[in-house]
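Chain and residue survey
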Amino acid sequence: MTLEAWAAFAAATAVLLVIPGPTILLVISYALGQGWRTAFPMAVGVALGDFTAMTLSMLGVGALLAASATIFTALKWVGAAYLIYLGIKLFRAGGTLDAKPRQDAVSPWKMLAHAWLVTALNPKSITFFVAFLPQFLDAKGDFWTQMLIFEATFITLAFANAMSYALIASRAGSMVSNPRAIGLFNKTGGTLLVGAGIATVAMRSGSN
């Protein structure tokens, strides 16, 4: 793949990861209730969960690419529309963040397993990866080499993102519960997602 394609994937991944979803809400809940010690096991669990979901998604994407170039191209258009939908939904989400402190004492291994289960077994994660990954794939390049690079990039960024959220929540809990800050965060993230979807559509149209 080109350096530009990898950079675009890394930038889009960073934007998507920083938007709080079920996994990050779980990370924040543990950090608010039990402090910074939850950061590492939760981040490892998130990374392993993303690895599981992304690997399952890659198998599906690879099968589609092998089966039909037309279906693969159609999937890219669906993926672009999905990004726009996610952006609009996030923009309209307001300033709420449903993350209540978890006071129940659990071992680091149980935290890790909980984060893995929530991340890996969420059907939306697999659906998201199937829609997201094809946007950056070169159908003429080696599929598995590209996927190895993309997966390593995504998992590294996912680990760093979960770790950062846990540390921030444990040190500055008021920040993650501030409606104004969350509202601004959601609107900014939503705008970026819509922009990414529109840019993808523009690139598809320009290449046809």
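None of the values given here were measured: they were computed from a predicted structure.

Right, let's talk about the side chain of Asp 50 for a bit. When you line up the elements, Asp 50 lands in helix α3 (residues 39-67). Apart from residues lying up to four places away in sequence, Asp 50 is in contact with Thr 119, Phe 129, Phe 154 and Ala 158.

This next bit is on the nonpolar core. Phe 9 and Phe 132 are the most contacted members of the largest nonpolar core, which has 23 residues in total. For this core, the secondary structure elements donating two or more residues are α1 (3-18), α3, α4 (69-91), α6 (123-132) and α7 (143-171). For this core, the element with the most residues is α7, which contributes five residues. Not counting chain neighbours up to four residues away, the residues in contact with Phe 9 comprise Met 54, Phe 132, Leu 133, Phe 136, Phe 150, Thr 153 and Phe 154.

So, on to the side chain of Asn 161. By the secondary structure assignment, Asn 161 is in helix α7. The buried category is assigned to Asn 161, whose relative accessible area is 13%. Excluding its chain neighbours within four sequence positions, the residues that come into contact with Asn 161 are Leu 17, Val 18 and Ile 24.

A few words on helix α2 (residues 22-34). Taking 1.5 Å per residue as the helical rise, α2 with its 13 residues ought to reach 18 Å, and the 18 Å between its terminal C-alpha atoms agrees with that figure. When α2 is considered as a whole, its buried residues turn out to be Thr 23, Ile 24, Leu 25, Leu 26, Val 27, Ile 28, Ser 29, Tyr 30 and Ala 31.

Another aspect to go through is the packing of aromatic side chains. Per the counting criterion, the structure on display carries three aromatic pairs. Judged by centre distance (6.1 Å) and plane angle (80°), the rings of Phe 40 and Phe 159 are edge-to-face. In this pair, Phe 40 is assigned in helix α3 and Phe 159 in helix α7, connecting sequence segments 119 residues apart. Judged by its relative accessible area of 52%, Phe 40 falls in the exposed class. Between Phe 143 and Trp 144, the ring centres sit 4.7 Å apart and the planes meet at 80°, which makes this aromatic pair edge-to-face. We classify Phe 143 as buried; its relative accessible area is 11%.

A cluster of nonpolar side chains, contributed by Leu 3, Trp 6 and Ile 149, occupies part of the molecular surface with about 290 Å² of accessible area. Relative to the elements of secondary structure, Leu 3 occurs in helix α1. Exposure remark for Leu 3: the relative accessible area of 63% places this residue in the exposed category.

The next point concerns the environment of Asp 138. Following the sequence through the fold, Asp 138 ends up in the loop between α6 and α7. With 136 residues separating them in the primary sequence, Asp 138 and Thr 2 have C-alpha atoms 9.3 Å apart.

Between α2 and helix α5 (residues 108-120), whose axes approach to 9 Å, the crossing angle comes to 160°. Classified by the angle between their axes, α2 and α5 sit roughly antiparallel to one another. Crossing handedness for the pair α2 and α5: right-handed. Residues Pro 22, Thr 23, Leu 26, Tyr 30 and Gln 34 of α2 lie in contact with α5, whose contacting residues are Met 111, His 114, Ala 115, Val 118 and Thr 119. In terms of residue class, the contact of α2 with α5 is built from six nonpolar, four polar and no charged.

What follows deals with the environment of Leu 167. Within the secondary structure, Leu 167 is located in helix α7. In this structure Leu 167 comes out as partly exposed when scored by relative accessible area, which is 35%. Taking the C-alpha atoms as reference points, Leu 167 and Val 27, separated by 140 residues in sequence, lie 9.7 Å from one another. Leaving out residues up to four positions away in the same chain, Leu 167 has contacts with Trp 36 and Ala 39.

Conventions used here
Residues numbered from 1 in each chain as written. Predicted model: local features only at pLDDT ≥ 70, side-chain atom pairs only at ≥ 80, totals over all residues. Heavy atoms only, no water. Helix = DSSP H or I, 4+ residues; strand = E, 2+ residues; numbered from the N terminus. Contact = heavy atoms within 4.5 Å. Core = buried A, V, L, I, M, F, W, Y, C linked by side-chain atoms within 4.5 Å. Buried < 20%, exposed > 50% of the residue type's maximum accessible area, 1.4 Å probe, protein only. Expected span 1.5 Å × (residues − 1). Phe/Tyr/Trp six-rings, centres within 6.5 Å; stacked < 30°, edge-to-face > 60°. Patch = residues over 30% accessible without salt bridge, like charges linked within 9 Å, V, L, I, M, F, W, Y side chains within 5 Å. Areas by Shrake-Rupley, 256 points an atom, 1.4 Å probe, with all protein chains shown as cover. Salt bridge = Lys/Arg side-chain N within 4 Å of Asp/Glu carboxyl O. Axes fitted to C-alpha atoms, helices over the stretch in contact; angles between N-to-C directions. Parallel < 35°, antiparallel > 145°, perpendicular 65-115°, else oblique. Left-handed = near helix turned anticlockwise from the far one by under 90°. Nonpolar A, V, L, I, M, F, W, Y, C, P; charged D, E, K, R; others polar.

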